[in-house]
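Listed below are the residues making up each chain.
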Amino acid sequence: MSHDRDELDPIAPSTARELYLDHKKTHCTEATVRAHYYRTRYIVDWCEENDVDNLNDLTGRNLHEFRLWHMEHRDINQVTLRQHLCTLRVFLKWAASIEAVPAELYDKVMIPDVGRGERQRDEMLEAETADEILEYLSRYHYASRKHTIIALLWETGIRIGAAVSIDVEDVYLDDGYIELVHRPNEGTTLKNGKSGERPIALTDGLSELIEEYIGNNRLNSVDEYDRSPLISSKFGRLTRGSYRRTVYQTTAPCFRGEPCPGCIDNPDKSCPEAVNPHAIRRGSITHYLTKDVPVEVVSDRMNVSRDVLDQHYDRRSEEVKLEQRRGYVNDV
């Protein structure tokens, strides 16, 4: 499929975007549509600023200019930029199917090559992506082990080691909380030892999910200490490695049927768009802070000091922080 520009049908960028989102609604979850709504608005903004009234006129040079503009005008890291440009490629490939852009234009979007080490230092599961994943799991894998793991990690922000340590007896669904307990003599530890012990409040939705998982899908097994782990396998307590594999599998866009340029280019390798477990914790903490949950509450819930939280976990942009401060000032 190759379209000469003379064969294209004129269409405004904003109109093309609306049609694209309508198309996504026919086969994607609501969270996926929201994510694409958010990520595609910037190319429309750029077109308006640069008098590109017809999407047919978009060129490879324009896409390069857009990429530079996007980096300059938004406080984003390379990992987020990569996500946004991958979505732009998907949008342009769809646009070619309705004769809105040349068929090969999408291939001219230059995706930054972010090394795995760099991604792991800075990567964060964005809130809209977490919503996509959880909505997909809720629809197709409700109360499965993988659904329970991802929901637990995202909503509580706890570390993998803390999740591994939870027993069924530590879950108090009627009271809406989980008790984290340091048990070094029985094979499970918390990173900060006894000082890391604390109750973790559960939302109603997470409580219902865990109840469904325990009642219908949890494997009834015990570990070598005769304890009943919340997240179990046929051998007893699920290992940290199994947790990590679950996170890598479920955070890959291809798991939920989303186009993934990295997998297309390297079909025999693990998905480069998947994130590690710590990215979920970092994203969860940032999400709570963005929702104006007090820093002290987040610090206590996640068992992390204020200094460490500021240095390693808080990924709010300066623009978001400014608007949050403005909200407080306006109320004075």
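Right above here is the structure, for reference.
Now for a description of the structure that goes with this document. Values in this document were obtained by computation on a predicted structure and should not be read as measured data.

About the cut-offs
Residues numbered from 1 in each chain as written. Predicted model: local features only at pLDDT ≥ 70, side-chain atom pairs only at ≥ 80, totals over all residues. Heavy atoms only, no water. Helix = DSSP H or I, 4+ residues; strand = E, 2+ residues; numbered from the N terminus. Buried < 20%, exposed > 50% of the residue type's maximum accessible area, 1.4 Å probe, protein only. Contact = heavy atoms within 4.5 Å. Areas by Shrake-Rupley, 256 points an atom, 1.4 Å probe, with all protein chains shown as cover. Pairing = 2+ DSSP bridges. Salt bridge = Lys/Arg side-chain N within 4 Å of Asp/Glu carboxyl O.

### Quick look at the overall build of the chain
Phase 1: On a plain count of helices and strands, the chain comes out with 15 helices and five strands.
Phase 2: Within the chain, the proportion of its 332 residues that are buried is 52%.
Phase 3: In the chain, once contacts between residues fewer than 6 apart in sequence are set aside, the share between residues at least 24 apart is 65%.
Phase 4: For the chain, the accessible area works out to roughly 16800 Å², and carbon and sulfur atoms hold 46% of it.

### Here's the deal with the environment of Lys-194
Phase 1: Among the secondary structure elements, Lys-194 is positioned in the loop between β2 (177–180) and β3 (198–201).
Phase 2: On the accessibility criterion, Lys-194 (57% relative accessible area) is exposed.
Phase 3: Taking the C-alpha atoms as reference, Lys-194 lies 7.6 Å from Val-181; in sequence the two are 13 residues apart.

### Section: the sheet that holds strand β1 (residues 171–172)
Phase 1: As summarised here, the arrangement of the three strands in space is β1-β2-β3, forming an open sheet in which the pairing is antiparallel. Edge strands, defined here as strands with exactly one partner in the open sheet, are β1 and β3.
Phase 2: Judged from the two bridges that link them, β1 and β2 form a sheet pairing that is antiparallel. Bridging across to β2, Val-171 finds its partner in Ile-178.

### Focus on the pattern of salt bridges
Phase 1: The final tally for this structure, using the stated rule, is ten salt bridges.
Phase 2: Across the pair Arg-227 and Asp-167 runs a salt bridge whose closest N-O atoms are separated by 2.8 Å. In this pair, Arg-227 sits in the loop between α9 (204–217) and β4 (232–233) while Asp-167 sits in the loop between α8 (160–165) and β1, placing the two residues 60 residues apart along the sequence. Of the two residues, Arg-227 and Asp-167, neither departs from the other in class, the shared state being buried.
Phase 3: One connected set of salt bridges, linked through shared partners, spans Asp-167, Asp-170, Arg-183, Glu-186, Asp-223, Arg-227 and Arg-237.

### Considering the environment of His-23
Phase 1: With respect to the helices and strands, His-23 occurs in helix α1 (residues 13–25).
Phase 2: His-23 gets classed as partly exposed once you look at its relative accessible area, which sits at 34%.
Phase 3: When the C-alpha positions of His-23 and Val-33 are compared, they lie 9.4 Å apart, and in sequence the two are ten residues distant.

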